[in-house]
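Chain by chain, the residues:
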Amino acid sequence: MTAKERILAKLRASLDGSTPVADDYDEALLTTPWAYAADKRVDRLREVLEAVHGETRLTTAADWPALVVEALSERGIDELLISPATAHGQQLAAYLALSGETLKLKAYDRPVEEWKETLFFHTPASLTGTLGGIAATGSLIVWPTAQEPRLMSLVPPLHIALLKVSEVFDNLHEAMHRQRWVNGLPTNALLISGPSKTADIQQTLAYGAHGPKELLVLILQNA
Amino acid sequence: MSHNPRALANATRVAPPLEAARSYPVKPTDVFVFGTCVIDLFFPGAGMDSIRLLEREGIKVHFPQAQSCCGQPAYTSGYTGEAREVARAQLALFAGDWPVVVPSGSCAGMFRHHYPELFKDEPETLKLVESLAARTYELAEFLLNVCRIQLCDAGAPVKVALHTSCSARREMNTHVHSRALLAQLGAVERIDHAYESECCGFGGAFSVRMPDISGLMVLDKTKALAGSGAAEVVSADCGCLMNINGALEKQGASLRGEHLASFLLRRSGGK
Amino acid sequence: MSSPANVPEAPIEFKRNVREALADGQLRRNFRGAMDFLMAKRAAQFPDEDERERLRTFGNQVRARALSRLPELLERLETSLTRNGVKVHWAETVEEANAIVHSIVQAHEAKHVIKGKSMVSEEMEMNHFLGDHGVDCLESDMGEFIVQLREEKPSHIIMPAIHLNAGQVASLFHDKLDVDYTEDVDRLIQIGRETLRRKFFEADIGVSGVNFAIAETGTLLLVENEGNGRMSTTVPPVHIAVTGIEKVVENLRDVVPLLSLLTRSATGQPITTYVNMISGPRKADELDGPREVHLVLLDNGRSQAFADGELRQTLNCIRCGACMNHCPVYTRIGGHAYGTVYPGPIGKIATPHMLGLEKTRDLPSASSLCGACGEVCPVRIPIPALLRRLREEAVRAPDDVPHHLRGQGAKYSAKERMIWKAWSKMNTSPALYRLVGYAGTRLRGLMPSNIGPWTEHHAPPRLAARTLHELAREHLGDE
């Protein structure tokens, strides 16, 4: 017998004659305490995210590129990792072309093995979209894709994320249900709820452990 | 539902449903008192004061002389068979429908919550166990919620600290009942002590099996009680009192704990 | 199941460990501060008692449901993971698990392994095993990195370096990493970040644990705050996840209550910085992620706990650590004194199944049964009842019922059994009981001033002059 067969045989013998526990899923308990009025939902998300040093700015679908330029120049950052294949990537490129800003755009357009050193040590910031947000926990729903790979939202010390107000859900149950996650999860699905942190040294909070030290969320109010 | 013993034995357990708040009967004319072995040998005064408090409420108290111990020391030490035999002997003494009042939350908890476990494989005995469990009350609980006692304070102003036994707290809510009774005494100010809900380190056999850890726990508890600013210490459980007072005496401190029943009787002019 | 080859298992020297720990004032101060902090954080996340208690009940039900179908769910998990391109392996023992990891290491000629955080890998002593086979295994979680530098084991399942203060970490980094001494926590974390950065992409293999394995979708769910978990499971070309067979849940939606309970109970957070759901290796058009993902399912005694309806509840555990945070014993002796991978209350009920009761014989007794652990367990494991049950198993006579637990009877003592039989005789014979009470009280002047462990910290107990039985009979008449 293989280890699998031995283990399963033991477990089955232990359950012999018993009936499974019923699925008595208490949806109300996961939603009622975590429901927000439409005009309070984004406030709640911002409050929870900012409590853990996330930064949020309210803006619009037209104005966010200018905010990105401002945020980067405040920090003395002159290049940004962004996907030219996405609508927001194209929008930013068009804005820069028109405004004559000197921000350099870089693309994550080849396997990471080909440029790991640059990604890890010479990429100060990235910008990605999101699939939505969760108000109860101050979270972003980020599903990396071929255009916006996993490490984009992890390696650069500054991660800028675009969040549409229309895609903010009250709680995780609602998000999972309305976006029908069960129909197909990608290779990697993430909830991101702030910049990286740890309290491993004397329970003292410090930010920027291994993931981004800063998370800036631009909230698009008319999207 | 299957009555196949193997099906029952192999079933995956789910936590019991959340208990509704206990409902209480009207004050009875008669009660049993289960004195507990610790009170019997070390704090009989607390037992007599409990009886006097009940009698002052107009209740006739019955103390079956054949009673001994609830069985908890053997039960917690893993000597389940021995605990079961001692429990069985107590069961026989409290038949009927009089409430059983116990001046110890941990022994009351033993009757109410652990006897059903002990006799789960004896359906006939279980009926008697369930009857007993349903009418077992810890003393403070009984005075407050069944007698609806109204205490008048005849004493001078005093600050007291209350220590509640862990099993009394978690199984019988004794801290809530004790606080409510103390609050009835107008000149008594109950003050919190540091780490109030933390164990005093008694745990029955734990205090002799793991004396180093237990010793540190009772040291911390006595420090917290002494440091609270309270002049007196009260507890509804004599196991803890034995532990705390024993440590205080060893430390050469003058502070001592007293059973809640004795304190209440004294303050309300009953002694 | 008898222990192999009748080799007596040397018990953990618990009492010696305890004495050392209690003598260490710094350790006790560190733990008291840390536990107070974590208890307060948890309390702040559960302000609504009703929501908290109902959610605990819900969590208990979700875990019980999964356990009640465990073999079926494990097979479904394997099917869905395999369909997603994850390779699933099964191991009954830690030796088998390490052999599986080794074969993957060899297949890739790996020399450098980087770990996220995994308590199961501690059960396997994976770092040690790999080290013996010429592979270095580096911890990337800050707390684990710190204890690895100190050549110690973690002392808490969530915060591995909880037994240290900032000064001790400062000295450690100064000595081992050749940096200037600083107690500035931000600076210390930056040093950790910089030191580990390059290690992520030099690693041949990344190892992680799993918080929940979802059968419905074939997904491994991991939670973390630092980002090293995502790094370890994304950057190296191979990812090996190791977990216990009890970690599977039926449906994706089942993680919702469990996540809420886990983060709020463990560190008092509404959610961790990252919730990382992995459902396969890098796809053809993707630009990062491991090309191979493996899951190792480890038994290591869990099937023994599973075999007993009462003890099966041990496997509800979602590894939050709330039990140890609230334990007055753990707070005073710290994690290392237990001598086990999992310390505290969960350690005391789980480890006997992993290592046997001979080795862990003192652990079930290292508790006053105060119940603080059971009160906070997010999945309602009745920890005090299970401790009591393990005590019962430990004192079973050798000729008692068939032995289902490894090491059953490890604390059997004919003398002790006789004492309890005599105690039972006394308490079931009213005349004998009253006689003993009478004798005890009348002879109380003969109480010795030293009665062993009790009088180390207490004055000798004072027997009363007369028993309650006597006083009650006098007052009430005979009954």
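Residues numbered from 1 in each chain as written. Chains lettered and ligands numbered in written order. Predicted model: local features only at pLDDT ≥ 70, side-chain atom pairs only at ≥ 80, totals over all residues. Heavy atoms only, no water.

1. Some details on the domain arrangement of chain C
Line of reasoning, step 1. You can read the domains of chain C as domain 1 (67–303) and domain 2 (414–476).
Line of reasoning, step 2. If you average the C-alpha positions of domain 1 of chain C and of domain 2 of chain C, the two centres end up 55 Å apart. (Domains from an automatic or database assignment.)

2. Things to note about the pattern of salt bridges
Residue and element names in this part refer to chain C.
Line of reasoning, step 1. Across all of its chains, the model carries 75 salt bridges over all chains by this definition.
Line of reasoning, step 2. E123 is the salt-bridge partner of R302, the closest N and O atoms lying 2.7 Å from each other. Taken together, the residues span a long stretch of sequence, with R302 in helix 13 (residues 302–306) and E123 in helix 6 (residues 119–123) at a distance of 179 residues. Comparing R302 with E123, the two get one shared label, buried. (Salt bridge = Lys/Arg side-chain N within 4 Å of Asp/Glu carboxyl O. Helix = DSSP H or I, 4+ residues; strand = E, 2+ residues; numbered from the N terminus. Buried < 20%, exposed > 50% of the residue type's maximum accessible area, 1.4 Å probe, protein only.)

3. Quick notes on the interface of chain B and chain C
Line of reasoning, step 1. If you look at the interface, chain B gives 69 residues, while chain C gives 73 residues.
Line of reasoning, step 2. Roughly 6,600 Å² is buried in total at the junction of chain B and chain C, and carbon and sulfur atoms are behind 60% of that figure.
Line of reasoning, step 3. The tally of links from chain B across to chain C stands at eight salt bridges.
Line of reasoning, step 4. Linking C:K421 and B:E82 is a salt bridge whose minimum nitrogen-to-oxygen distance equals 3.0 Å.
Line of reasoning, step 5. Our enumeration of links across chain B and chain C arrives at 31 residue pairs in polar contact (both at pLDDT 80 or more).
Line of reasoning, step 6. If one sorts the elements of the side of chain B that touches chain C by residue count, helix 12 (residues 211–226) of chain B sits on top with eight residues. (Contact = heavy atoms within 4.5 Å. Buried area = accessible area lost by both parts, 1.4 Å probe. Polar contact = N/O pair within 3.5 Å; in protein donor to acceptor, adjacent residues only side chain to side chain.)

4. Digging into the packing of helix 3 (residues 44–56) of chain B against helix 14 (residues 260–267) of chain B
Residues and elements named next belong to chain B.
Line of reasoning, step 1. At their nearest, the axes of helix 3 and helix 14 sit 8 Å apart, and the two run at 50 degrees to each other. The angle between helix 3 and helix 14 places the two elements in the oblique class. The two elements helix 3 and helix 14 cross, and the hand of that crossing is left-handed. Along the contact surface, helix 3 presents G45, A46, D49, S50, R52, L53 and R56, while helix 14 presents A261, S262, L264 and L265.
Line of reasoning, step 2. Looking at the contact of helix 3 with helix 14 residue by residue, the class counts come to five nonpolar, three polar and three charged. (Axes fitted to C-alpha atoms, helices over the stretch in contact; angles between N-to-C directions. Parallel < 35°, antiparallel > 145°, perpendicular 65-115°, else oblique. Left-handed = near helix turned anticlockwise from the far one by under 90°. Nonpolar A, V, L, I, M, F, W, Y, C, P; charged D, E, K, R; others polar.)

5. Some words on the domain arrangement of chain B
Residues and elements named next belong to chain B.
Line of reasoning, step 1. Domain annotation for chain B reports domain 1 (23–146) and domain 2 (158–267).
Line of reasoning, step 2. Distance from the C-alpha centre of domain 1 to the C-alpha centre of domain 2: 22 Å.
Line of reasoning, step 3. On the side of domain 2, 26 residues touch domain 1, which itself brings 31 residues to the contact.
Line of reasoning, step 4. Counting the surface lost from both domain 1 and domain 2, the interface buries some 2,000 Å², and carbon and sulfur atoms represent 68% of this.
Line of reasoning, step 5. Viewed at the interface, domain 2 and domain 1 are joined by zero salt bridges.
Line of reasoning, step 6. Counting across the domain 1 and domain 2 interface gives seven residue pairs in polar contact (both at pLDDT 80 or more).
Line of reasoning, step 7. Taken together, the elements giving at least two residues each to the side of domain 1 that touches domain 2 come down to helix 2 (37–42), helix 3, helix 6 (105–118), strand 4 (136–138) and helix 8 (139–145).
Line of reasoning, step 8. No other element matches helix 6, which puts eight residues into the side of domain 1 that touches domain 2.

6. Comments concerning the interface of chain C and chain A
Line of reasoning, step 1. Listed per partner, the contact involves 98 residues of chain C and 76 residues of chain A.
Line of reasoning, step 2. Taken over both partners, the interface formed by chain C and chain A buries close to 7,600 Å², and the fraction arising from carbon and sulfur atoms is 61%.
Line of reasoning, step 3. Inspection of the chain C/chain A interface yields twelve salt bridges.
Line of reasoning, step 4. Linking chain C with chain A are 47 residue pairs in polar contact (both at pLDDT 80 or more), by the criterion used here.

7. Overview of unusual backbone geometry
Line of reasoning, step 1. Of note, A:H53 is a non-glycine position whose phi angle comes to about 70 degrees, a positive value.
Line of reasoning, step 2. Considering the arrangement of structural elements, one finds A:H53 in the loop between helix 3 (41–51) and strand 1 (55–59).
Line of reasoning, step 3. The phi dihedral of C:R319 falls on the positive side, at around 55 degrees, and the residue is not glycine.
Line of reasoning, step 4. Tracing the backbone shows C:R319 in the loop between helix 13 and helix 14 (322–325).

8. As for the environment of C:N276
Residues and elements named next belong to chain C.
Line of reasoning, step 1. Take N276: it is sitting in strand 9 (residues 274–278).
Line of reasoning, step 2. Residue classification places N276 among the buried residues on the basis of a relative accessible area of 1%.
Line of reasoning, step 3. Spatially, the C-alpha atom of N276 lies 26 Å from that of V185, the residues being 91 residues apart in sequence.

9. Quick word on the packing of aromatic side chains
Line of reasoning, step 1. Scanning the entire structure with this criterion turns up 22 aromatic pairs over all chains.
Line of reasoning, step 2. Note on A:Y108 and A:W115: the rings are 5.0 Å apart at their centroids and 80 degrees apart in plane angle, and the pair reads as edge-to-face.
Line of reasoning, step 3. Among the residues examined, A:W115 registers a relative accessible area of 4% and is labelled buried.
Line of reasoning, step 4. For the ring pair C:F31 and C:Y330, a centre distance of 5.4 Å and an interplane angle of 90 degrees mean the geometry is edge-to-face. You can see C:F31 sitting in helix 2 (residues 25–45) and its partner C:Y330 sitting in helix 15 (residues 328–333), a full 299 residues away along the chain.
Line of reasoning, step 5. With a relative accessible area of 0%, C:Y330 lands in the buried category.
Line of reasoning, step 6. One aromatic cluster is present, formed by B:F32, B:F34, B:F94, B:W98, B:F111, B:Y115 and B:F119 through successive ring pairs. (Phe/Tyr/Trp six-rings, centres within 6.5 Å; stacked < 30°, edge-to-face > 60°.)

10. So, the nonpolar core
Line of reasoning, step 1. Formed by 109 residues in total, the largest nonpolar core has its most connected members in A:W181, B:I213 and C:I333.
Line of reasoning, step 2. The element contributing the most residues to this core is helix 12 (residues 255–266) of chain C, with seven residues.
Line of reasoning, step 3. Among residues more than four places away in sequence, those in contact with B:I213 are B:F206, C:F14, C:V18, C:L22, C:V329 and C:I333.
Line of reasoning, step 4. Within the second largest apolar cluster, 56 residues are counted, among which are B:F63, B:L139, B:L151 and B:L255. (Core = buried A, V, L, I, M, F, W, Y, C linked by side-chain atoms within 4.5 Å.)

11. With respect to the packing of helix 6 of chain B against helix 7 (residues 123–134) of chain B
All names here are of chain B.
Line of reasoning, step 1. For the pair helix 6 and helix 7, the least separation of the axes is 8 Å and the interaxial angle reads 160 degrees. Considering the angle they form, helix 6 stands roughly antiparallel to helix 7. Once helix 6 is placed against helix 7, the crossing between them reads as left-handed. On helix 7, the residues touching F111, R112, Y115 and P116 of helix 6 are L126, V129, L132, A133 and A134.
Line of reasoning, step 2. Each residue belonging to the contact of helix 6 with helix 7 can be placed in one class, and the counts come to eight nonpolar, no polar and one charged.

12. A few points about the side chain of C:Q45
All names here are of chain C.
Line of reasoning, step 1. Relative to the elements of secondary structure, Q45 occurs in helix 2.
Line of reasoning, step 2. Relative accessible area serves as the criterion here: at 19%, Q45 is assigned to the buried category.
Line of reasoning, step 3. With near-sequence residues (within four places) excluded, Q45 lies in contact with R264, G268, Q269 and P270.

13. Some points on the sheet that holds strand 8 (residues 168–169) of chain A
Line of reasoning, step 1. With mixed pairing, eight strands are arranged side by side in an open sheet as 8(A)-5(A)-6(A)-9(A)-9(C)-6(C)-5(C)-8(C). A strand with exactly one partner marks an edge of an open sheet, and here the two such strands are strand 8 of chain A together with strand 8 (248–249) of chain C.
Line of reasoning, step 2. Sheet topology note: the strand 5 (residues 132–134) of chain A/strand 6 (residues 139–142) of chain A ladder contains three bridges and is antiparallel. Residue pairing in the sheet places A:G133 in a bridge with A:L140 of strand 6 of chain A. (Pairing = 2+ DSSP bridges.)

14. What to know about the sheet that holds strand 7 (residues 238–244) of chain C
Residues and elements named next belong to chain C.
Line of reasoning, step 1. With respect to topology, six strands assemble into an open sheet ordered 1-10-7-4-2-3, the strand pairing being parallel. Two strands lie at the open edges of the sheet, namely strand 1 (86–91) and strand 3 (136–139), each paired on one side alone. Between one strand axis and the next, the sheet turns through 25 degrees on average, direction left out of account.
Line of reasoning, step 2. Sheet strands touched by helix 5 (residues 94–107): strand 1, strand 4 (205–208), strand 7 and strand 10 (292–298). Its angle to strand 1, the strand with the most contacts, is close to 145 degrees.

15. Here's the deal with helix 13 (residues 238–251) of chain B
Residues and elements named next belong to chain B.
Line of reasoning, step 1. Look at helix 13: 19 Å from first C-alpha to last across 14 residues, which is about the 20 Å you get at 1.5 Å a residue.
Line of reasoning, step 2. Those residues of helix 13 that fall on the buried side of the exposure criterion are C238, G239, C240, L241, M242, N243, I244, N245, G246, A247 and L248.
Line of reasoning, step 3. One or two steps after helix 13, the chain reaches G252, where phi turns positive at roughly 80 degrees. (Expected span 1.5 Å × (residues − 1).)

16. Focus: the pairing of strand 6 of chain A
Residues and elements named next belong to chain A.
Line of reasoning, step 1. Burial of strand 6 is two-sided: the residues S139 and I141 facing one way and the residues L140 and V142 facing the other way are all buried.
Line of reasoning, step 2. Following strand 5, the chain reverses through four residues before pairing antiparallel with strand 6; G138 in that reversal takes a positive phi of roughly 60 degrees.
Line of reasoning, step 3. Pairing analysis gives three bridges linking strand 6 to strand 9 (residues 188–192), with the strands arranged antiparallel. From the neighbouring strand, L140 faces strand 9, where its bridge partner is I192.

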